[in-house]
Amino acid sequence: MTKSTPDSRAAMGARTRLVHAGRAPFDNHGFVNTAIWRGSTVLYPNTEELYARRQRFIYGTKGTPTTESLETAWSEISGAAGTVLAPSGLAAITLAMMTATKAGDHVLVVDSAYRPTRVFCDTVLKKFGVETEYYDPLAGAGVARLMRPNTSLVLVEAPGSQSFEMQDIPAIAEVAHARGACVAMDNTWATPLFFPPHARGVDLAIEAGTKYLSGHSDLLLGLVSANADWYPRLRETYDTFANCPGPEDVFLALRGLRTMELRLREAEKQALDFARWLQTRPEVSRVLHPALPDDPGHAIFKRDFLGSSGLFSVVLKPASRAAVAALLDGLELFGLGYSWGGFESLVIPFDCKTYRTATEWKPEGPALRFSIGLEDLDDLKADVERGFARLKKLA
Ligand SMILES: *Cc1c(COP(=O)(O)O)cnc(C)c1O
């Protein structure tokens, strides 16, 4: 049986790569999937091998066949030189930021970044002498004005996972690289399937595998992939912290990987249909979804992205807190909860005003974020339609 290789698969489609990447059945007694390898200690055959430490696996924290399987597959679909894993998406963000900063540095972080990223910057990075400056998500090449001689890192995230501004990442990367700074991106929304990060100038690409890689709201995982410039420093930082995920979670992520494209494409289709329906509703003022042609970020989306996922927001017409609560609390199908990317639909109210510092968030009404799952769309629409009736009674 001839086996495909990462090279032979390079010209093949994303689905083919997802099915074959990171698997080596004949290293696993012919079984299709890599087993769950549990272990701390790895034995050496003799003292010479022990001193040399040149065998493939040397200790549990430094990798197992299970973790290597996911790292290899993720690098292949990301177009990366290498990948490291983390026990959560947030742990992947902090690992990437620790890789690219040192005391005395200045970092630029997009104002629409995932909120816990800001908390890390404002506490731990600050404590270790790294200064964070937040910048306008729409700045594009204008970040050049904010670059200082000690700017070591520019963090991008597009679209923002609540407010959905698009960023011109290739333009930002060009400016940052001209000044020798690293570009790290939280790419959780698009995944490498819909935004190939390293081909667009990103050095360190972060993914909360908790979302679409898992797809089932049953695990926490993070990944950081790197280009050839940054991979050695990323791996070294990973080895220093030894902040490694458990083998069951890595196994579940590998299972999710095989169907990720199918689930993403379905989430994209369902969310676009749902978003277009919301645009026709009198209760809705604006839909924030970069794949919609009238979205302010649509031109950049069309140029740089290969698809959209199931997460977007809406701004409602002005309504009281009680009216929004009546809408949300009575929903039968939508869960009220954080996170997203699972098979089930979720909704949350949000307000970026409480944490933004570089730009003002001033929507004309209350804002809601939807994660559209795999339910029948007519049922989801009917659920929200009944919610709008409750809203109107109190608005
Ligand atoms: C959820 C999320 C994370 C963090 O993932 P966890 O696994 O929950 O820590 C990071 N970035 C974005 C954009 C997210 O939505």
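Here the structure is a predicted model, which is why all the values come from computation and not from measurement.

Colleague: Would you mind showing me how to read the pattern of salt bridges here?
Modeller: Pairing is possible between side chains of opposite charge, provided their charged atoms come close. In this structure the tally under the stated criterion is 25 salt bridges. With its nearest N and O atoms 3.1 Å apart, the salt bridge here joins Lys102 to Asp105. For Arg386, the salt bridge goes to Glu332, with nearest N and O atoms at 3.2 Å. Placement of Arg386 in helix α14 (residues 377–394) and of Glu332 in the loop between α13 (321–329) and β10 (335–336) is noted, with a sequence separation of 54 residues between them. Overall, Arg386 belongs to the partly exposed group, its relative accessible area being 39%. Linked through salt bridges whose partners overlap, the residues forming this network are Arg15, Glu261, Arg265 and Glu268.

Colleague: Where do I start with the site of the ligand in this structure?
Modeller: The ligand sits among 14 residues. The nearest are Gly89, Leu90, Asp186, Thr210 and Lys211. Within the side chain of Trp340, one N or O atom sits 2.9 Å away from an oxygen atom of the ligand. Here the ligand, which alone exposes 380 Å², has 90% of that area covered by the protein. In terms of residue count, the dominant contributor to the shell around the ligand is helix α5 (residues 89–99) (3 residues). Residues that form the shell around the ligand fall into these classes: 6 nonpolar, 5 polar and 3 charged.

Colleague: Hey, could you run me through the sheet that holds strand β7 (residues 222–226) in this one?
Modeller: Where strands meet in a sheet, backbone hydrogen bonds hold them as pairs that are either parallel or antiparallel. Here 7 strands make up an open sheet; going across it, the order is β1-β7-β6-β5-β4-β2-β3 and the pairing mixed. With one partner strand each, in any of the chains shown, β1 (82–86) and β3 (131–135) form the two edges of the open sheet. This sheet shows a mean twist of 20° between the axes of neighbouring strands, independent of strand direction. With 5 bridges connecting them, strand β4 (residues 151–157) and strand β5 (residues 182–186) associate as parallel partners. Directly across from Val156, in β5, lies its bridge partner Met185. Sheet contacts for helix α9 (residues 231–241): β1, β6 (204–208) and β7; angle to β1, the most-contacted strand, approximately 25°.

About the criteria used
- The residue count restarts for each chain, going from 1 along the sequence in the order it is written.
- With pLDDT at 70 or above as the cut-off, local features in this predicted model cover only qualifying residues; side-chain atom pairs require 80 or more to be listed or tallied, and sums for whole chains, interfaces and linings still use all residues.
- With hydrogens and water set aside, each side-chain value is computed from the structure's full complement of heavy atoms.
- By definition, a salt bridge exists where a carboxyl oxygen of Asp or Glu is found within 4 Å of a side-chain nitrogen of Lys or Arg.
- The helix and strand labels rest on DSSP assignments: H or I over at least four residues marks a helix, E over at least two residues marks a strand, and numbering proceeds from the N terminus.
- The classification of residues rests on relative accessible area computed with a 1.4 Å probe and restricted to protein chains. Under 20% of the type maximum is buried, over 50% is exposed, and intermediate values are partly exposed.
- For this purpose, a residue is taken to be near a molecule or strand whenever a single non-hydrogen atom of the residue falls within 4 Å of it.
- A 3.5 Å cut-off defines polar contacts: any pair of N or O atoms within that distance qualifies, except that in protein one atom must be a possible hydrogen donor and the other a possible acceptor, and neighbouring residues in sequence count only when both atoms are side-chain atoms.
- Only the protein chains shown count as cover for residues, with accessible areas throughout obtained via the Shrake-Rupley method and a probe of 1.4 Å.
- Polar here means any residue other than Ala, Val, Leu, Ile, Met, Phe, Trp, Tyr, Cys and Pro, which are nonpolar, and Asp, Glu, Lys and Arg, which are charged; Gly is therefore polar.
- Note on pairing: DSSP must find at least two bridges between two strands before they are called paired.
- Note on geometry: axes are C-alpha line fits, over the in-contact stretch for helices, and angles between N-to-C directions span 0 to 180 degrees.
- In this analysis, two residues are considered to be in contact whenever any of their non-hydrogen atoms come within 4.5 Å of each other.

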